[in-house]
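# Coordinate inspection notes
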Amino acid sequence: VMLLAGEPGIGKTTLAQHVAERAWAQGATVLFGRCDEASVVAFQPFVEALGHHVAITTPAELRRQLGTRARDLALLVPALVHQLPELGEIAGTGAETERLRVFDAVTALVSTLADAGPVVLVLDDLHWADRPTLQLLVHLMRRSEELALLVVGTYRDTDLVRTHPLTDTLVDLRRANLVDRVPVRG
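Notes on the structure in this doc start here.

Conventions and cut-offs
- Residues numbered from 1 in each chain as written.
- Predicted model: local features only at pLDDT ≥ 70, side-chain atom pairs only at ≥ 80, totals over all residues.
- Heavy atoms only, no water.
- Core = buried A, V, L, I, M, F, W, Y, C linked by side-chain atoms within 4.5 Å.
- Buried < 20%, exposed > 50% of the residue type's maximum accessible area, 1.4 Å probe, protein only.
- Helix = DSSP H or I, 4+ residues; strand = E, 2+ residues; numbered from the N terminus.
- Pairing = 2+ DSSP bridges.
- Axes fitted to C-alpha atoms, helices over the stretch in contact; angles between N-to-C directions.
- Expected span 1.5 Å × (residues − 1).
- Parallel < 35°, antiparallel > 145°, perpendicular 65-115°, else oblique.
- Left-handed = near helix turned anticlockwise from the far one by under 90°.
- Contact = heavy atoms within 4.5 Å.
- Nonpolar A, V, L, I, M, F, W, Y, C, P; charged D, E, K, R; others polar.

Time to look at the nonpolar core. In this structure, L73, L76 and L80 are the most contacted members of the largest nonpolar core, which totals 48 residues. Sort the elements by how many residues they give to this core and helix α6 (residues 96-116) lands first, with 8 residues. Core analysis: the second largest hydrophobic core is formed by 9 residues, A16, A23, A28 and V120 among them.

Moving on, we get to the sheet that holds strand β2 (residues 29-34). Read across the sheet, 5 strands follow the order β2-β3-β4-β1-β5 without closing on themselves; strand pairing throughout is parallel. The sheet terminates laterally at β2 and β5 (180-183), the two strands that pair on one side only. For this sheet the average axis-to-axis angle between neighbouring strands, irrespective of direction, equals 15°. Note: strand β1 (residues 2-6) against β5, 4 bridges, orientation parallel.

On to α6, then. Compared with an ideal rise of 1.5 Å per residue, which puts 21 residues at 30 Å, α6 spans 31 Å between its outermost C-alpha atoms and is within 8% of the ideal. All of the buried residues in α6 are E98, V102, F103, A105, V106, T107, L109, V110, S111, L113 and A114.

Positive phi, close to 65°, is recorded for F43, a residue that is not glycine. Residue classification places F43 among the buried positions, given a relative accessible area of 12%. One non-glycine residue, N177, lies in positive phi territory at about 55°. Locating N177 in the fold gives a position in the loop between α8 (165-175) and β5.

A few words now on the packing of α6 against helix α7 (residues 131-142). Two numbers describe how α6 lies on α7: the axes approach to 10 Å, and their chain directions differ by 50°. Relative to α7, the element α6 is oriented oblique. Between α6 and α7 the crossing geometry is right-handed. In this structure, α6 contributes R99, L100, F103, D104, V106, T107 and V110 to the contact, and α7 contributes P132, Q135, L136, H139 and L140. Considering only residue class, the contact of α6 with α7 consists of 7 nonpolar, 3 polar and 2 charged.

These values are about where atoms sit, not about what they do.
This is the structure we're talking about:
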């Protein structure tokens, strides 16, 4: 994980976009998602990033990439049902075991993509991320140490307080040696 930290408007998102563009030009798969200040959707940046991948990938390729985890991923990315109508209607129960299956489905998809070539996952504005989104990020990183995966996250370090969920996430990632923090200054 490479985290770009700095004040609002300093260029964190632009820098992340340049990294993503360069990686894409060199053949990497790029997934991009953003957190919004007034988000009402848990896991929003993952829904966006994987939703775009689902939208541009053929049904046959999605079946190959997801295998038996397609139903689990559809709980997070409802657009998957449009690509794979055989999944039928997907309804979540909210159970913790269901959340773990969704987390594992995300990890499995990213692993499959990374097996085919490098993957860059951009998660913009993590200072607005909810706790479940950050838990999914930690889950993904702890299970993907051997992958050709770069996660580029941006956040406003001026907005971070001790009680913010991102603070705990940063501690977890640092403790596991999974993060490099890059301060972006003027």
